[in-house]
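# Overview (structure and organization)
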Amino acid sequence: LELRLRGKSTAQSFGTPIFYVDLTCRTGFSLAETLAQAKELDAMRKASGFDQEALDRAAREGLARGAFEESAEEGEAVVEEFFPMTSAASASSSAHPVTATSTPPRNLREKLSEKAATSAT
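All figures in this text were calculated on a predicted structure; none of them were measured in a lab. (Residues numbered from 1 in each chain as written. Predicted model: local features only at pLDDT ≥ 70, side-chain atom pairs only at ≥ 80, totals over all residues. Heavy atoms only, no water.)

The next thing to look at is helix α2 (residues 52-65). With 14 residues, α2 ought to run about 20 Å at 1.5 Å a step, and its terminal C-alpha atoms sit 20 Å apart, in line with that. The N-cap residue of α2 is Asp51: its side-chain oxygen and the backbone nitrogen of Glu53 are 3.3 Å apart. (Helix = DSSP H or I, 4+ residues; strand = E, 2+ residues; numbered from the N terminus. Expected span 1.5 Å × (residues − 1). Polar contact = N/O pair within 3.5 Å; in protein donor to acceptor, adjacent residues only side chain to side chain.)

Little of strand β1 (residues 2-9) is tucked away: zero of the eight residues are buried. Strand direction decides the pairing type here: β1 and strand β2 (residues 17-24), joined by eight bridges, are antiparallel. Looking at β2, one finds that Leu5 is bridged to Val21. (Buried < 20%, exposed > 50% of the residue type's maximum accessible area, 1.4 Å probe, protein only. Pairing = 2+ DSSP bridges.)

On to helix α1 (residues 31-47), then. Here α1 is 17 residues long and its end C-alpha atoms lie 24 Å apart, about the 24 Å a rise of 1.5 Å per residue gives. Backbone geometry just downstream of α1 places Gly49 in the positive-phi region, at approximately 95°.

Quick look at the structure:
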């Protein structure tokens, strides 16, 4: 199978492309050929000792132990990335994003690079 990234723009997205993924048969292969190849590959893997169930189980256990949530500090950085605020406005009110700033908003990459440079010295 192939995982394809597709783009589409709609009136609701105001012409901005929206990307989604689609799982399709490989180009030039029918569904029957794809299934036959999958069965053949599965048989070869089992014959060589590959244990997909054990791999899936290990992956589930690893994901269950992982921390995939943002901390409060990371959440603030994400909000700052999309809703930049001046320091005066953020000190007075963190609930209202500033629409116009005197300096161009910095992105998260610039902020992290600056932080890394200052912590290295």
